[in-house]
Amino acid sequence: SFFYKLFADFIFKRSLFVTVDSSSMKKKIDNCFQSKIYKIQFGINIDVIESIKQSYKVKRKNSVLSPRGMTSLYQIREIIFAFNSLENKLLSLDFCYPFADTKYLENVKKISIDKSIFYGQLKRIELYKKFLEYKYIVSIPSSDSSPRSVYEAVVCGCIVIVQLNKYLLELPKLIRERIISVDIKNPNWLEKGLREALLCKPLRQLDYETKNYLDQKYQIKKIFSIINNLHA
C-alpha cells in the first residue's frame, strides 16, 4: 500500500528506534526505511497463564481449536476441508477468533460439520482457558510474523500445527519442539501433523531461555535498556 508506506516512512524517520517481532519483518523494514530496528517480541503474560493453569483444572478434549482471525488470510476453509477428510475423526474442530469477516464466517459455517463450536471473540483469560481444554491448535495463515496466540497455546500445554515459517527457527527449544510445521500443499497435511503431534509431550515447565524470549516483562526491560543506551 503506497499510503501505508508513506505513513510508515513519516513515523520511522521521526522515531528514535523501531521494534519488530521477527527477523523477516526487520529485514523488510531495513530494506524500505533503514531505521534503527530492534527485534523484540510483543510478549505474552506468562504469570497469568501459569496462574490459570494452577486454578483451572479440566480434562483436555481430543479436538482441534482454531484461534485465529475468521478471514481468508488465516485459511480457515482450508482447515475445515482438511479436517473433514481425516480418516480417524477427532471429536470436533472448533473456532474462536479475535475478529471476523461476516461473509467469510457465513461461508465457513456452511462447510463446517454440525458439531463444530463457534466461540466467537474471547477475552484473553477465556482464551487461555480454551487452550487448556484442547489438545491441538491449528494456525496456518498464508502470511505470519511471530504469532502470540501460538506461543500462548504452547505455554498452556497445547501442541500447535502451523505452516513452515522462518520465525520457527528463532524460537527457544522448549517452544519449537511443541510446534509441528506442515506443508498445506500436501492433501494430508493435517493428518500428518496430528500424527506427529501424538509424539509430542505438552509443555510442563518453562526455563529461563523461554521466559526471556516470550515473557512480556522481559521484553519491556529490553526496551528500557535500549532507551537508556540511546540517552547514555
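Relevant structure appears above.
Rules and cut-offs
Just so you know, the residues in each chain are numbered from 1, in the order the chain's sequence is written. At least 70 in pLDDT is required for a residue's local features to be given in this predicted model, at least 80 for side-chain atom pairs to be given and counted, and no such filter applies to totals for whole chains, interfaces and linings, which use all residues. Derived side-chain values reflect all non-hydrogen atoms in the structure, with water molecules and hydrogen atoms excluded from consideration. Here a helix means four or more residues in a row that DSSP labels H or I, a strand means two or more in a row labelled E, and each is numbered from the N terminus. Each radius of gyration is computed over the set of C-alpha atoms, and the globule rule expresses the reference value as 2.2 Å times the number of residues to the power 0.38. Only protein chains enter the accessibility calculation, which uses a 1.4 Å probe; a residue is then buried when its area is under 20% of its type maximum, exposed when over 50%, and partly exposed in between. Here, nonpolar core means buried Ala, Val, Leu, Ile, Met, Phe, Trp, Tyr and Cys residues that are tied together by side-chain atoms lying within 4.5 Å of each other. Any residue with an atom within 4 Å of a point lines the site, the site being either a cavity, points on a 1 Å grid over the protein atoms alone where a 1.4 Å probe fits but cannot get out, or a pocket, an open set with protein on both sides within 12 Å along at least 5 of 7 lines. Grid points are joined across faces, edges and corners, and a volume is the space filled by probe spheres set on the points. Lys, Arg, Asp and Glu make up the charged group, whereas Ala, Val, Leu, Ile, Met, Phe, Trp, Tyr, Cys and Pro make up the nonpolar group; the residues left over, Gly among them, are polar.

A. Structural context of the overall build of the chain. Counting its secondary structure elements, the chain contains eleven helices and eight strands. Computed over the C-alpha atoms, the radius of gyration of the chain is 19 Å, within 12% of the 17 Å expected from 2.2 N^0.38 for a compact globule of 232 residues. Taking the principal axes of its C-alpha atoms as reference, the chain extends roughly 60 × 45 × 30 Å. Expressed as a percentage of its 232 residues, the buried residues of the chain come to 46%.

B. Layout of the nonpolar core. Of all hydrophobic cores here, the largest spans 31 residues; its most connected members are Phe-131, Tyr-151, Leu-171, Ile-175 and Ile-179. Looking at this core, the elements with two or more residues in it are helix H3 (46–55), helix H6 (124–133), strand S6 (134–139), helix H7 (148–155), strand S7 (159–163), helix H8 (173–176) and helix H10 (208–214). In terms of residue count, the dominant contributor to this core is H7 (five residues). Counting 28 residues, the second-largest nonpolar core is a separate cluster that includes Val-64, Ala-82, Tyr-104 and Ile-161.

C. Spotlight on empty space enclosed by the protein. Summed over the entire model, instances satisfying the criterion amount to one cavity of 30 Å³ or more. One number sums up the size of the largest cavity: a volume of about 30 Å³. If you trace the largest cavity, you find it lined by Ala-82, Ser-85, Leu-86, Pro-187, Asn-188, Leu-190 and Glu-191. Here the residues of the lining of the largest cavity sort into four nonpolar, two polar and one charged.

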